[in-house]
Amino acid sequence: MQIRDKKDNESEDYILQDNKKTRFGAIFIIIILIILVAGVAMTGVFFDYW
């Protein structure tokens, strides 16, 4: 997967663009995934699975 640069107006094979919306979306998804992993880990500790 490639990230399209703002200066590259010729290629259209890119999924992500290098702009504020893309960065915000990626950071938001990463934070949600970290919260979910932490929740699963805390559940495992709470119910003595680990």
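Keep in mind it's a predicted model, so treat the numbers as computed, not measured.

### Some thoughts on the packing of aromatic side chains
- With the rule as written, the count across this model stands at two aromatic pairs.
- Taking the centre distance of 5.0 Å and the plane angle of 80° together, the rings of Phe46 and Phe47 count as edge-to-face.
- Classification of Phe46 as exposed rests on a relative accessible area of 63%.

### A few points about the confidence of the model for the protein
- Model confidence for the protein is summarised by a mean pLDDT of 81, while 66% of its residues fall at 70 or above.
- Put simply, strand S1 (residues 3-4) is where the protein has its lowest mean pLDDT, 61, and helix H1 (residues 20-46) is where it has its highest, 94.

Basis of the calculations
Residues numbered from 1 in each chain as written. Predicted model: local features only at pLDDT ≥ 70, side-chain atom pairs only at ≥ 80, totals over all residues. Heavy atoms only, no water. Phe/Tyr/Trp six-rings, centres within 6.5 Å; stacked < 30°, edge-to-face > 60°. Buried < 20%, exposed > 50% of the residue type's maximum accessible area, 1.4 Å probe, protein only. pLDDT = per-residue confidence, 0-100. Helix = DSSP H or I, 4+ residues; strand = E, 2+ residues; numbered from the N terminus.

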